[in-house]
Amino acid sequence: MSATGSSPTVGVIGAGAWGTALAQMLASDGRDVLLWAREEALVEEINSARTNSVYLPSAQLALTIRATSDLAEMASLDVALVVTPAQHMGSVLEAMPSHPNDLVLCSKGIEASTGRLMNHVARDAAPGSAIAVLSGPTFAHEVAEGLPTAVTLACGGGEDQWDRLASLIARPAFRPYFSNDVAGAEIGGAVKNVLAIACGVVDGLDLGQNARAALIARGYAEMLRFGEALGARAETLAGLCGLGDLVLTCSSTSSRNFSLGKALGAGRSAADLMADRRTVAEGAHTAPVLARMARNMDIAMPIVAAVERLLDGAEARGVVSDLLARPLRAERSA
């Protein structure tokens with residue numbers, strides 16, 4: 001509860017497609033929701049036209065959503081969902097004069113410059129806040145439309161934090177499931193972005209459904225190896241925030257990462273694609289740091305390494321041929 005005893009105040013930091021969709025979901029029961037956007041023009045559009053034409057053009061936004069560009073307003077909330085691009089989360093949180101009691105991290109990635117997971121970035125920037133991670137198979141436009149969605153809500157503050165957040169976030173069509181495995185929830189979301197690029201390459205090269213299914217399964221094995229090495233639980237990675245999210249984003253052009261991979265497979269250059277993209281394909285930022293961490297920890301992640309090569313400019317068919325030429329081995333081994 002807020003300091004006055006009224007319902008907790010809630011907002012969303014980041015007005016991209018996912019942040020706007022989460023604001024729309026939170027406002028679906030008539031709740032007031034504060035939405036932070038960096039661009040003044042976008043703040044004005046949301047408040048006057050009730051649209052976000054750049055990032056979520058399909059949505060007519062609820063009247064109870066109010067946009068702001070003032071981070072001090074977000075600091076006064078009880079709960080903030082943090083939905084900035086992963087590479088900018090630290091700088092945004094550090095720019096806030098203070099922080100809400102609960103920060104719910106909704107960005108998926110690993111900080112490229114440091115190799116930190118997002119919960120470590122948030123704990124360093126906002127040491128007084130309780131940290132949770134919301135992750136799962138979630139296309140923004142479906143959440144904004146009120147279509148059924150289930151997610152993992154991993155609470156670093158355990159069941160006490162879950163009790164504060166679950167009823168605040170849950171809606172009839174948006175169902176959170178409790179976990180206290182923050183690392184697992186984060187790792188699933190970060191690794192699947194990279195694997196989705198690989199699946200897009202398979203589609204762009206017209207290699208067929210068999211190849212994509214095999215890549216999802218072998219990619220999941222890489223996610224599991226990496227996650228367990230960092231202390232994640234296997235059952236977390238087998239759930240919504242790991243395998244569930246992996247299946248979704250490896251199967252649809254609604255995924256920005258899949259679309260990036262498909263274009264690479266069709267022969268477009270990585271440099272041109274990244275320069276042209278208005279929205280973030282976070283897996284492109286995560287792949288190099290993830291591959292580096294795997295090498296440093298001696299964890300076999302050949303699909304992740306292949307994506308790193310593709311983003312460095314390697315030709316897609318050659319990279320796939322190298323993957324297929326790897327030595328034969330038992331399925332449960334590397």
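Look above for the structure.
Fair warning: this is a prediction, and the values are worked out from it, not measured in the lab. (Residues numbered from 1 in each chain as written. Predicted model: local features only at pLDDT ≥ 70, side-chain atom pairs only at ≥ 80, totals over all residues. Heavy atoms only, no water.)

Q: It is not clear to me how the overall build of the chain should be interpreted in this structure. Could you clarify?
A: Across its full length, the chain carries 16 helices and eight strands. The C-alpha atoms of the chain give a radius of gyration of 19 Å, which matches the 20 Å a tight globule of 334 residues would have. Projected onto its principal axes, the C-alpha coordinates of the chain cover approximately 65 × 40 × 35 Å. For the chain, the share of sequence-separated contacts (at least 6 apart) that also reach a separation of at least 24 residues comes to 67%. (Helix = DSSP H or I, 4+ residues; strand = E, 2+ residues; numbered from the N terminus. Rg over C-alpha atoms; globule rule 2.2 N^0.38 Å. Contact = heavy atoms within 4.5 Å.)

Q: What am I meant to see in the side chain of D181 here?
A: Residue placement: D181 occurs in the loop between β8 (174-179) and α8 (182-204). Although D181 is buried, it forms no salt bridge, and the closest oppositely charged side chain is R233 at an N-O distance of 4.3 Å. Once residues within four sequence positions are removed from consideration, D181 is found in contact with A154, G231, A232, R233 and T236. (Buried < 20%, exposed > 50% of the residue type's maximum accessible area, 1.4 Å probe, protein only. Lys, Arg positive; Asp, Glu negative; His and termini not counted. Salt bridge = Lys/Arg side-chain N within 4 Å of Asp/Glu carboxyl O.)

Q: Whenever I open this one, the sheet that holds β8 confuses me. Can you help?
A: Adjacent strands of a sheet pair through backbone hydrogen bonds, lying either parallel or antiparallel. Read across the open sheet, the eight strands follow the order β3-β2-β1-β4-β5-β6-β7-β8; overall the sheet is mixed. Each end of this open sheet is capped by a strand with a single partner; those strands are β3 (65-68) and β8. Adjacent strand axes in the sheet meet at a mean angle of 25°, parallel and antiparallel pairs treated alike. The sheet contacts of helix α11 (residues 240-249) involve β6 (130-135), β7 (149-155) and β8, and relative to β7 the element is tilted by about 145°. (Pairing = 2+ DSSP bridges. Axes fitted to C-alpha atoms, helices over the stretch in contact; angles between N-to-C directions.)

Q: Mind showing me how you'd approach the side chain of E282 here?
A: As for its position among the elements, E282 is in helix α14 (residues 282-296). One buried charged side chain, E282, makes no salt bridge at all; its nearest oppositely charged neighbour is R256, positioned 7.1 Å away. With near-sequence residues (within four places) excluded, E282 lies in contact with P85, A86, Q87, K108, G109, N193 and N257.

Q: Can you walk me through α8 in this structure?
A: One turn of the α-helix equals 3.6 residues, which is why residues spaced by three or four share an orientation. With 23 residues, α8 extends 34 Å from end C-alpha to end C-alpha; this agrees with the ideal 33 Å at 1.5 Å per step. Burial within α8 is extensive, with 22 of its 23 residues counted as buried. Downstream of α8 by a residue or two, D206 has a phi angle that is positive, lying close to 55°. (Expected span 1.5 Å × (residues − 1).)

Q: Would you explain the pairing of strand β1 (residues 10-13) in this entry?
A: Both faces of the sheet carry side chains from a regular strand, because those side chains alternate between them. By the alternation rule, side chains of β1 split into V10 and V12 and G11 and I13, which are all buried. With four bridges connecting them, β1 and strand β2 (residues 33-36) associate as parallel partners. Residue pairing across strands places V12 opposite L35, the latter belonging to β2. Each parallel crossover has a hand, and the one from β1 via helix α1 (residues 17-26) to β2 is right-handed. Pairing of β1 with strand β4 (residues 79-82), which is carried by four bridges, proceeds in the parallel orientation. Bridged to V12 within β4 is L81. (Right-handed = clockwise from strand over helix to strand, strands pointing away.)

Q: Can you walk me through the packing of α8 against α11 in this structure?
A: A packed helix pair is summarised by two numbers, namely the angle formed by the two axes and the spacing between the axes. One can describe the packing of α8 onto α11 by two numbers: an axis separation of 8 Å at closest approach and a directional angle of 20°. With respect to each other, α8 and α11 are oriented roughly parallel. Where α8 crosses over α11, the two elements pack in a sense that is right-handed. Taken together, the residues of α11 that come into contact with α8 (itself represented by G184, A185, G188, G189, K192, L195 and A196) are C241, G242, D245, L246 and T249. Tallied by class, residues from the contact of α8 with α11 come to five nonpolar, five polar and two charged. (Parallel < 35°, antiparallel > 145°, perpendicular 65-115°, else oblique. Left-handed = near helix turned anticlockwise from the far one by under 90°. Nonpolar A, V, L, I, M, F, W, Y, C, P; charged D, E, K, R; others polar.)

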